[in-house]
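An overview of the molecular structure
Take a look at the letters that make up each chain.
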Amino acid sequence: MKIESRLAQIGSVQEPVTGSVSYPIYLATAFRHPKLGESTGFDYARTKNPTRKVLEDAAAELESGDAGFACSSGMAALQTVFSLFGQGDHLIVSLDLYGGTYRLLERIMSRFGVTASYVDTNDLDGIAQLYTPQTKAILIETPTNPLMMITDIERISQWAKAKGILTIVDNTLLTPFFQRPIELGADIVVHSATKYLGGHNDVLAGLIVTKGKELSEQMAFLHNSIGAVLGAQDSWLLMRGMKTLALRMERHQENATRVAEWLLEHEAVEEVYYPALPHHPGHDVQNRQSSGNTGIFSFRLKDARYVEPILRSIKLIAFAESLGGCESLMTYPAVQTHADIPEEIRRQIGVDDRLLRFSVGIEHAEDIIADLGQALAIAKSEIGEV
Ligand SMILES: *Cc1c(COP(=O)(O)O)cnc(C)c1O
């Protein structure tokens with residue numbers, strides 16, 4: 001079945017008792033055993049909950065993996081994955097990384113003796129130089145956030161396999177609708193399902209999908225032992241969001257492309273970072289490994305003084321700190337999402353005070369462009385340009 005159909009049908013045909021078209025929310029945390037030594041398959045909800053299981057099975061199938069695990073947030077999913085590692089282990093990580101993941105590695109995992117080195121994951125020589133016998137995994141985001149750098153997943157996972165280490169991909173920005181890293185050789189996929197999968201800025205959730213029996217068993221052990229699992233109500237809400245993922249992603253892509261092309265022509269804008277644009281350095285790899293583009297891009301203004309009036313003047317677009325929902329949101333990475341990344345690294349990757357990130361919603365593209373246009377006009381007139 002095509003992915004659109006699988007998404008629309010999540011949870012729809014699996015409830016045999018009543019035929020309910022929407023899967024029920026099982027709030028029970030404990031499940032009665034038929035007799036000693038027997039189980040319905042459900043014992044205690046941290047280990048397994050029926051509603052959460054429908055979501056987890058769907059996630060595994062959509063990402064072409066063997067097992068799925070729903071967590072209370074994207075960070076909880078990453079923490080659970082990082083718990084595969086311990087004292088002395090080393091990770092190689094995308095340089096232009098989600099700020100929260102950087103914080104988790106540098107301020108928490110470091111206390112458990114796990115170290116990380118950051119590199120442009122396009123640069124295989126740079127990666128190879130960082131490799132040591134202690135290296136256990138490579139973690140990539142592609143595209144990265146906010147600079148939308150693209151990494152060739154197949155190339156990286158082939159290198160990692162040859163070294164006997166794991167490839168972990170944070171697939172939040174593209175979702176399995178546009179990109180399936182396990183099919184390209186990755187071992188683990190992580191999501192902040194708070195973003196496109198949920199899609200409505202109303203549920204905080206994370207997902208892990210693993211490939212391989214042993215790794216899936218290890219992850220099940222960690223997921224249950226750590227206990228940062230997703231509640232039944234939020235599992236249901238996430239599945240409800242995922243049913244419309246295909247439609248939303250197509251519209252996000254269409255709108256983002258139109259708005260990015262418009263901004264690229266605007267005199268106040270120096271550069272637009274969006275892999276759908278032919279001049280983007282990752283354009284070809286992106287087209288090869290993904291079937292579409294995310295709804296997020298970043299753009300650099302010619303003058304940092306434009307930022308304040310733009311963020312004050314946008315009306316339809318909200319100045320807020322997330323991405324992937326129906327509503328258009330604009331973020332100022334240097335002071336919001338990436339504030340925890342040291343200025344030196346921020347500058348190296350190009351997250352400066354002229355960079356804005358735009359999560360383009362599913363409103364009409366003309367309304368989004370009109371809102372941006374009036375905000376940019378105010379910004380230009382306030383700093384004395386016409
Ligand atoms: C938001 C985000 C996370 C963290 O997810 P939460 O659901 O906010 O905990 C991790 N990775 C990426 C790429 C994100 O955008």
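This is a predicted model, so every value here is computed, not measured.

Each value, and the rule that gives it
Residues numbered from 1 in each chain as written. Predicted model: local features only at pLDDT ≥ 70, side-chain atom pairs only at ≥ 80, totals over all residues. Heavy atoms only, no water. Axes fitted to C-alpha atoms, helices over the stretch in contact; angles between N-to-C directions. Helix = DSSP H or I, 4+ residues; strand = E, 2+ residues; numbered from the N terminus. Parallel < 35°, antiparallel > 145°, perpendicular 65-115°, else oblique. Left-handed = near helix turned anticlockwise from the far one by under 90°. Contact = heavy atoms within 4.5 Å. Nonpolar A, V, L, I, M, F, W, Y, C, P; charged D, E, K, R; others polar. Buried < 20%, exposed > 50% of the residue type's maximum accessible area, 1.4 Å probe, protein only. Pairing = 2+ DSSP bridges. Polar contact = N/O pair within 3.5 Å; in protein donor to acceptor, adjacent residues only side chain to side chain. Near = heavy atom within 4 Å. Areas by Shrake-Rupley, 256 points an atom, 1.4 Å probe, with all protein chains shown as cover. Domains from an automatic or database assignment. Buried area = accessible area lost by both parts, 1.4 Å probe. Salt bridge = Lys/Arg side-chain N within 4 Å of Asp/Glu carboxyl O.

1. Digging into the packing of helix H3 (residues 74-82) against helix H4 (residues 99-108)
Packing of H3 against H4 leaves a shortest axis separation of 10 Å and a crossing angle of 40°. Viewed along their axes, H3 and H4 adopt a mutual orientation that is oblique. Seen from above, H3 lies across H4 with right-handed handedness. Of H4, the residues touching H3 (which contributes Met 75, Leu 78, Gln 79 and Phe 82) are Gly 100, Thr 101, Leu 104, Leu 105 and Ile 108. Of the residues that constitute the contact of H3 with H4, the class distribution is six nonpolar, three polar and no charged.

2. With respect to helix H9 (residues 232-242)
Those residues of H9 not exposed but buried are Ala 232, Ser 235, Leu 238, Met 239, Gly 241 and Met 242. Contact partners of the buried residues in H9: helix H1 (3-8), helix H2 (50-62) and helix H10 (245-264).

3. Examining the sheet that holds strand S10 (residues 318-319)
As a general point, the strands of a sheet are linked pairwise by backbone hydrogen bonds and lie either parallel or antiparallel. Spatial ordering of the open sheet is given by S8-S9-S12-S11-S10, a layout of five strands whose pairing is mixed. Looking at the sheet topology across the chains shown, the edges are occupied by strand S8 (269-273) and S10. Examined bridge by bridge, S10 and strand S11 (residues 329-331) share two bridges and lie parallel to one another. Following the sheet pairing, Ala 318 is matched in S11 by Leu 329.

4. Regarding the side chain of Asp 170
With respect to the helices and strands, Asp 170 occurs in strand S5 (residues 166-170). Within the local environment of Asp 170, its side chain forms a polar contact with the side chain of Thr 172, the two groups lying 2.6 Å apart. Not counting residues up to four positions away in its chain, the partners in contact with Asp 170 are Leu 78, Leu 139, Ile 140, Glu 141, Thr 142 and Val 190.

5. What to know about the site of the ligand
Around the ligand sit 13 residues in total, of which Gly 74, Asp 170, Ser 192, Thr 194 and Lys 195 are the nearest. At 2.9 Å, a backbone N or O of Gly 74 approaches an oxygen atom of the ligand. Separating a nitrogen atom of the ligand from a side-chain N or O atom of Asp 170 is a distance of 2.7 Å. Notes on the ligand: free accessible area 380 Å², of which the protein chains cover 93%. A total of three residues in the shell around the ligand trace back to one element, the largest contributor, which is H3. Split into classes, the residues belonging to the shell around the ligand amount to five nonpolar, six polar and two charged.

6. A word on the domain arrangement of the protein
In terms of domain boundaries, the protein breaks down into domain 1 (3-242) and domain 2 (245-382). Taking the mean C-alpha position of each, domain 1 and domain 2 sit 26 Å from one another. In this assembly, 36 residues from domain 1 lie in contact with 46 residues from domain 2. For the pair domain 1 and domain 2, the summed buried area comes to about 3500 Å², and 61% of that belongs to carbon and sulfur atoms. When the buried surface of domain 1 facing domain 2 is broken down by residue, Leu 147, Phe 178 and Tyr 196 rank first, second and third, together holding 23% of it. For the pair domain 1 and domain 2, the interface holds one salt bridge. Across the pair Asp 152 and Arg 288 runs a salt bridge whose closest N-O atoms are separated by 3.4 Å. At the boundary of domain 1 and domain 2, one finds 19 residue pairs in polar contact (both at pLDDT 80 or more). When contributions to the side of domain 1 that touches domain 2 are tallied by element, the ones reaching two or more residues are H1, H4, helix H6 (153-163), helix H7 (175-178) and H9. Here the element with the most residues in the side of domain 1 that touches domain 2 is H4; it accounts for four residues.

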